[in-house]
Amino acid sequence: MKTLFACASALVLLTTAQAAHAQSAPEVSYNLSVATDYVFRGISQTDDRAALQGGIDLGVGGFYVGGWASTVDFGDDTDAEVDIYGGYTTQIAGFDIDVGAVLYLYVGKPAGADYDFIELKAAASRDIGPVSVGVATYYTPNFFGVDDEAFYYEANSAFAISPSLTASGAIGHQSLDVSDDYTTWNVGLTYAFPKLISIDLRYHDTDTAGPLSEERFVGMVSFAF
């Protein structure tokens, strides 16, 4: 099963790369962020410490590939998370559809640690005036080396208060095969400055116990190029 999904993800990335090669004007963007914490699905990945993050994206004709990295702190020798992803976006009946795959890799992980995993993604969203609503689901046959199978379901929404200020939030449920399931949610404000700089202030919480999953406020400054 793991081999099947790894092949499916590789096929998505290969198809994306071939499409990009066939086009003459791909769109390339870069991003760099500094955050007071790196929270992934409600749980701190940096032990409540700051994180440096950055990525690059390339898109052509609905296809996209990209890479993103963040510092992490798991209390061992792991230094960073590196995500490699690809997929396809299109519109169906007024909805924006996004299907793809994400490969999570962990740099410096201890010998024998099975942190790396792959997820398949399907998402749909729609704009209704100044409001955007969406849903997404993720599936992996091997979640973080701990659970055999895992699903993550999310509903999200954003409201454009002004051309520069957006309020957004999401609620998600992480379904795990071995560990306990949990629900997470976040809400925040994003202010975009005229020169490709944005500030995000966000509240995160979960319904699971543990110091890394307690409620927290996270601030982030991002630069897009």
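Only a predicted model underlies this, so the values are computations on that prediction, with no experimental measurement involved.

### Here's the deal with the overall build of the protein chain
Per the secondary structure count, the protein chain includes one helix and 14 strands. Residue burial in the protein chain is summarised as follows: out of 225 residues, 33% are buried. Contacts in the protein chain between residues far apart in sequence, at least 24 positions, make up 44% of those at least 6 positions apart. For the protein chain, the exposed surface amounts to about 12100 Å²; the carbon and sulfur share of it is 64%.

### Details of the pattern of salt bridges
Taken as a whole and judged by the stated rule, the model has eight salt bridges. Salt-bridge contacts for Arg216 lead to Asp37; the nearest nitrogen and oxygen are separated by 3.1 Å. Within this pair, whereas Arg216 is found in strand 14 (residues 216-224), its partner Asp37 is found in the loop between strand 1 (27-35) and strand 2 (39-40), the two being separated by 179 residues in sequence. Across this residue pair, the class does not change: Arg216 and Asp37 are buried. Between Glu119 and Arg41 there is a salt bridge whose closest N-O contact spans 2.9 Å. Of this pair, Glu119 sits in strand 8 (residues 117-128) while Arg41 is found in the loop between strand 2 and strand 3 (43-44), placing the two residues 78 residues apart along the sequence. Note on Arg41: relative accessible area 10%, which makes it buried.

### Focus on the sheet that holds strand 5 (residues 63-71)
Spatial ordering of the closed barrel is given by 1-4-5-6-7-8-9-10-11-12-13-14, a layout of 12 strands whose pairing is antiparallel. Neighbouring strand axes in the sheet, compared pairwise and without regard to direction, differ in orientation by 20 degrees on average. With eight bridges connecting them, strand 13 (residues 197-206) and strand 14 associate as antiparallel partners. Note that in strand 14 the partner of Ile197 across the bridge is Phe223.

### Topic: the packing of aromatic side chains
Across all of its chains, the model carries 17 aromatic pairs by this definition. With a centroid separation of 5.5 Å and 65 degrees between ring planes, the pair formed by Tyr38 and Trp68 is classed as edge-to-face. Of this pair, Tyr38 sits in the loop between strand 1 and strand 2 while Trp68 sits in strand 5; the two residues are 30 residues apart in sequence, bridging distant segments of the chain. Here Tyr138 and Tyr152 contribute two aromatic rings whose centre-to-centre distance is 6.2 Å and whose plane-to-plane angle is 50 degrees, an arrangement assigned as tilted. Of this pair, Tyr138 sits in strand 9 (residues 131-140) while Tyr152 sits in strand 10 (residues 150-160), placing them 14 residues apart in sequence. Just as Tyr138 is buried, Tyr152 falls in that class too. One aromatic cluster is present, formed by Phe40, Phe74, Tyr104, Tyr106, Tyr115, Phe117, Phe143 and Phe144 through successive ring pairs. Of note, Arg41 hangs over the ring of Tyr152, and the distance from its end group to the ring centre comes to 4.2 Å.

### Observations concerning a nonpolar patch on the surface
The grouping of Val28, Tyr30, Leu32, Val34, Leu52, Ile56 and Phe225 at the surface amounts to a nonpolar patch, some 650 Å² of accessible area in total. When contributions to the nonpolar patch are tallied by element, the ones reaching two or more residues are strand 1 and strand 4 (51-60). Of note, Phe225 is situated in the segment after strand 14. Residue Phe225 is classed as exposed on the basis of its relative accessible area of 56%.

### Let's talk about the nonpolar core
Of all hydrophobic cores here, the largest spans 14 residues; its most connected members are Tyr38, Tyr85, Tyr104, Tyr106, Phe117 and Phe143. Elements that contribute at least two residues to this core include exactly strand 5 and strand 7 (95-107). The element best represented in this core is strand 7, accounting for three residues. Aside from chain neighbours lying at most four places away, what touches Phe143 is Arg41, Phe117, Glu119, Asp148, Ala150, Gln174 and Leu176.

About the thresholds
- Residues numbered from 1 in each chain as written.
- Predicted model: local features only at pLDDT ≥ 70, side-chain atom pairs only at ≥ 80, totals over all residues.
- Heavy atoms only, no water.
- Helix = DSSP H or I, 4+ residues; strand = E, 2+ residues; numbered from the N terminus.
- Buried < 20%, exposed > 50% of the residue type's maximum accessible area, 1.4 Å probe, protein only.
- Contact = heavy atoms within 4.5 Å.
- Areas by Shrake-Rupley, 256 points an atom, 1.4 Å probe, with all protein chains shown as cover.
- Salt bridge = Lys/Arg side-chain N within 4 Å of Asp/Glu carboxyl O.
- Pairing = 2+ DSSP bridges.
- Axes fitted to C-alpha atoms, helices over the stretch in contact; angles between N-to-C directions.
- Phe/Tyr/Trp six-rings, centres within 6.5 Å; stacked < 30°, edge-to-face > 60°.
- Lys NZ or Arg CZ within 6 Å of the ring centre and 35° of its normal.
- Patch = residues over 30% accessible without salt bridge, like charges linked within 9 Å, V, L, I, M, F, W, Y side chains within 5 Å.
- Core = buried A, V, L, I, M, F, W, Y, C linked by side-chain atoms within 4.5 Å.

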